[in-house]
Amino acid sequence: MQSLRLISFSKLPRLLLSTSSRFVHFNSHDIFSKDNSLKSVKRFKTLCPELNTDGKRQAAVLIPLCIVKDEISLLYTLRTNNLKRNSGQVSFPGGMRETDEQLQDTALRESCEELGISKTGIDIWGSGRFIVSKDIAIMPFLGNIGVVEPENLNISSEETTVKQINDDTSIHKQL
C-alpha cells in the first residue's frame, strides 16, 4: 500500500529563495503552456548525465504536475514501511516495463493503474534521462494531469491511499 501525496507550490518560492527580498509568482497558464513544457523538458534532460543501462531492467515513472484547489501541485506516492523493496521511500507513479512496451507507455499504464485516471487525462511533455540504480534503469517522464480533486480520484486500494500536504510546515516534515 502506498500513500498519495500532493505538494502545493504556493509556498515554494519561500522554500527556494534564501532571502525574502525576491518574489516569484507561479502562473498556471504560463507553467502549463506548450512553450514552457518544451523548455521544461529541455532543462529536465540536463539534470542527469547519460548513464550506461546495459543489462539493467527498465522502469518508467511519471512526474505529474497538476492543479489542486487552484494551486500548482506535484503528485507523488510514499511507499509504506511494510514493502519488501524501497519501503518508506517517496516515489512517483510508475513501475517495471513489460515486454515490448515503450517506456512512455509504461509510465502511462502504471500511473493510470495507481491513480485511477485515464490515459487521455495525461499530457506527457517528454522524458529525462535514465536514472540508474544497481539493477534498474528508470526513465522519468514529465507530464501534466490537469485539475485534480484528491477525494474524487479512483485510487487503486491495493496500491495507494490519499493524503494531502498543503502547508510549507508539512512539506518540511515530509521531505
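- The protein goes by Nudix hydrolase domain-containing protein in an unreviewed UniProt entry, where it is assigned to Macrosiphum euphorbiae.

**What about the overall build of the protein?**
At step 1: Helix and strand content of the protein: 5 helices and 9 strands.
At step 2: Expressed as a percentage of its 175 residues, the buried residues of the protein come to 43%.
At step 3: Restricting the contact set of the protein to residue pairs at least 6 apart, pairs at least 24 apart contribute 68%.
At step 4: On the protein, roughly 10,500 Å² of surface is accessible, and the fraction owed to carbon and sulfur atoms is 50%.

**Brief notes about the side chain of S40**
At step 1: You can see S40 is positioned in helix 3 (residues 34–45).
At step 2: Excluding its chain neighbours within four sequence positions, the residues that come into contact with S40 are W125 and L142.

**Comments concerning the nonpolar core**
At step 1: The biggest cluster of nonpolar side chains holds 19 residues, and the ones touching the most others in it are I122, F141 and I145.
At step 2: Looking at this core, the elements with two or more residues in it are strand 2 (57–68), helix 4 (103–115) and strand 8 (136–147).
At step 3: Examining the composition of this core, we find that 5 residues originate from one element, helix 4, more than from any other.
At step 4: The residues touching I145, leaving out its near neighbours within four places in the chain, are L62, P64, L65, C66, L75, I117, G121 and I122.
At step 5: Among the nonpolar cores identified, the runner-up in size contains 11 residues, and I31, L65, W125 and L142 belong to it.

**Some points on helix 4**
At step 1: With 13 residues, helix 4 should reach 18 Å at 1.5 Å per residue; the first-to-last C-alpha distance of 18 Å fits that figure.
At step 2: Here helix 4 lies mainly inside the structure; 10 of its 13 residues are buried.
At step 3: Looking only at helix 4, the buried set comprises L103, T106, A107, L108, R109, E110, S111, C112, E114 and L115.
At step 4: Looking one or two places after helix 4, you find G116, whose phi comes out positive at around 70 degrees.

**Quick word on the pairing of strand 2**
At step 1: Of all the 12 residues making up strand 2, 11 are buried; the element is thus mostly covered by neighbouring parts of the structure.
At step 2: Pairing geometry for strand 2 and strand 8, over 10 bridges, is parallel. Bridge assignment links I67 to a residue of strand 8, and that residue is V147.
At step 3: Two strands pair when backbone bridges link them, and strand 2 and strand 5 (residues 94–96) are joined in this way by 3 bridges, in the antiparallel orientation. If you follow V61 over to strand 5, its bridge partner there is G94.

What counts, and at which threshold
- Residues numbered from 1 in each chain as written.
- Predicted model: local features only at pLDDT ≥ 70, side-chain atom pairs only at ≥ 80, totals over all residues.
- Heavy atoms only, no water.
- Helix = DSSP H or I, 4+ residues; strand = E, 2+ residues; numbered from the N terminus.
- Buried < 20%, exposed > 50% of the residue type's maximum accessible area, 1.4 Å probe, protein only.
- Contact = heavy atoms within 4.5 Å.
- Areas by Shrake-Rupley, 256 points an atom, 1.4 Å probe, with all protein chains shown as cover.
- Core = buried A, V, L, I, M, F, W, Y, C linked by side-chain atoms within 4.5 Å.
- Expected span 1.5 Å × (residues − 1).
- Pairing = 2+ DSSP bridges.

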